[in-house]
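A structural walkthrough
For reference, the chains in residue letters:
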Amino acid sequence: MTTIKKILAGALAVATIASLAACGSSSSSSTQQGSTVAQIQKAGTIRIATFGDLPPYGYVKNSGARAGYDVALGKRIAKDLGVKVTWVQVNADGRVDSLKSNKVDLVLANFTVTDERKEVVDFASPYMKVSIGVVSPTSATITSAKQLDGKALAVTKGTTAETYFTQNYPNVELKKYDSKTQQFQAFKDGRVAALADDNTYLYAWAKDNSGYTVGIKTLGDESTIAPAVRKGNASLLAWTNKEIKKLTTAGFFKEAYDTELAPSFTSDIKAEDVIIE
């Protein structure tokens with residue numbers, strides 16, 4: 001009897017361990033993929049990563065309220081999901097990690113679609129067009145990337161501008177900063193000859209800061225800006241794709257452009273230069 005009991009006890013222990021392992025595996029798989037639409041709606045909130053220092057896309061007003069083109073989209077997505085937004089502020093090089101670590105459900109932070117990023121996150125349908133631009137002092141305007149050879153250029157870590165110049169212009173001395181605020185402070189202090197970033201953002205910045213000119217309006221191929229979800233989150237990806245299509249048809253992005261972007265751009269920039277219709 002003792003031997004039989006030991007065998008039964010051992011079998012039960014093995015079964016229990018197997019059951020717990022299966023549950024753990026299922027839980028891990030669910031976590032790895034991120035929250036589904038149903039889980040987000042049940043929780044009553046969607047966690048969205050955005051910038052806090054990138055007007056007119058994502059920034060914090062003096063009142064403490066968040067505003068900008070990406071923020072307007074995030075608010076509309078939350079409304080259509082029937083939930084509230086929990087904003088998670090990120091820097092450019094923290095966007096991917098915020099998804100991989102499951103700190104957020106969605107990234108709306110001027111996120112340019114690249115092949116490299118597609119390997120680690122899933123992008124939904126794009127909602128904006130963009131290219132790399134270079135801004136410099138009007139008194140020493142840079143009009144060609146070759147003029148930057150041997151000069152210091154400010155970029156934000158984790159951006160397409162950093163990648164582009166690293167790959168194509170090795171003779172440019174890249175000064176890499178953690179945030180937009182830091183890179184522009186270095187630029188205004190004269191620590192660099194120019195600054196590279198998304199062209200639409202530079203148009204807005206140059207309008208608000210006299211004495212500077214976007215001498216290079218486009219570099220490399222035209223890219224797109226899109227929402228991103230955690231790799232493998234098929235539920236939220238499918239819902240977001242449908243949402244972008246619906247909002248495009250309804251004219252949401254044109255309206256958001258008129259209210260959030262147009263006031264920050266010079267008159268030569270048109271809605272069709274930025275939004276995807």
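The model shown is predicted, which means the values in this text are computed figures rather than measured ones.

1. Topic: the pattern of salt bridges
Under the counting rule described, the total for this entry stands at 12 salt bridges. Notably, a salt bridge pairs Lys175 with Glu173, separated by 2.9 Å at the nearest N-O pair. The exposure class of Lys175 is partly exposed, given its relative accessible area of 31%. Linking Glu243 and Lys246 is a salt bridge whose minimum nitrogen-to-oxygen distance equals 3.3 Å. With a gap of 3 residues between them, Glu243 and Lys246 both fall in helix 9 (residues 234-250), about one helical turn apart. Residue Lys246 is classed as partly exposed on the basis of its relative accessible area of 43%. Salt bridges here are not isolated pairs; linked through shared partners, they connect Arg76, Asp80, Glu243 and Lys246.

2. Considerations on the side chain of Asn110
Mapped onto the elements, Asn110 comes out in the loop between strand 6 (106-107) and helix 5 (115-118). With a relative accessible area of 5%, Asn110 lands in the buried category.

3. With respect to the sheet that holds strand 13 (residues 228-230)
Spatially, 5 strands are ordered 5-1-6-13-7 in an open sheet, and the strand pairing comes out mixed. Only two strands of the sheet have a single partner each, and these edge strands are strand 5 (84-89) and strand 7 (121-123). As judged from the 2 bridges shared by strand 6 and strand 13, these two strands associate in the antiparallel manner. Each residue of the ladder has a partner; that of Val107, found in strand 13, is Ala228. Packed on one face of the sheet, helix 3 (residues 69-81) meets strand 1 (45-50), strand 5 and strand 6 and runs near 145 degrees to strand 5.

4. Some words on the environment of Leu99
Relative to the elements of secondary structure, Leu99 occurs in helix 4 (residues 95-100). Look at Leu99 and you get buried, because its relative accessible area is 0%. For the pair Leu99 and Val121, spaced 22 residues apart in sequence, the C-alpha to C-alpha distance is 7.6 Å. In contact with Leu99, other than residues within four places in its own chain, are Val104, Asp105, Leu106, Val107, Val121, Ala228, Val229 and Arg230.

5. Remarks on the packing of aromatic side chains
Tallied over the entire structure, the rule returns 14 aromatic pairs. When the centroid spacing of 5.6 Å and the interplanar angle of 90 degrees are considered together, the rings of Phe184 and Tyr201 count as edge-to-face. Of this pair, Phe184 sits in helix 7 (residues 180-188) while Tyr201 sits in helix 8 (residues 199-208), and the two are 17 residues apart along the sequence. Tyr201 matches Phe184 in its accessibility class, with the two residues each being buried.

6. A short note on the sheet that holds strand 3 (residues 58-60)
Pairing in this open sheet of 3 strands is antiparallel, and the strands run 2-3-4 from one edge to the other. For this open sheet the edge positions go to strand 2 (53-54) and strand 4 (66-67), each flanked by a neighbour on one side alone. Of the strand pairs in this sheet, strand 2 and strand 3 are connected by 2 bridges, and their pairing is antiparallel. Across the sheet, residue Leu54 finds its bridge partner in strand 3, namely Gly58.

7. Focus on the side chain of Asp197
Within the secondary structure, Asp197 is located in strand 11 (residues 194-198). Sequence-distant contacts of Asp197, that is, excluding residues within four places in its chain, are made with Ser131, Ile132, Gly133, Thr156, Ala161, Lys180, Gln183 and Leu202.

8. Description of unusual backbone geometry
Trans is the prevailing form of peptide bonds, just as negative phi is the prevailing case for residues other than glycine. For the bond running from Pro55 to Pro56, omega is 5 degrees, close enough to zero to count as cis. Relative to the assigned elements, Pro56 resides in the loop between strand 2 and strand 3. With a phi angle near 60 degrees, Asn102 is a residue other than glycine that sits in the positive phi range. Owing to a relative accessible area of 22%, Asn102 belongs among the partly exposed residues under this scheme. With a phi angle near 50 degrees, Asn110 is a residue other than glycine that sits in the positive phi range.

The rules behind the values
- Residues numbered from 1 in each chain as written.
- Predicted model: local features only at pLDDT ≥ 70, side-chain atom pairs only at ≥ 80, totals over all residues.
- Heavy atoms only, no water.
- Salt bridge = Lys/Arg side-chain N within 4 Å of Asp/Glu carboxyl O.
- Buried < 20%, exposed > 50% of the residue type's maximum accessible area, 1.4 Å probe, protein only.
- Helix = DSSP H or I, 4+ residues; strand = E, 2+ residues; numbered from the N terminus.
- Pairing = 2+ DSSP bridges.
- Contact = heavy atoms within 4.5 Å.
- Axes fitted to C-alpha atoms, helices over the stretch in contact; angles between N-to-C directions.
- Phe/Tyr/Trp six-rings, centres within 6.5 Å; stacked < 30°, edge-to-face > 60°.

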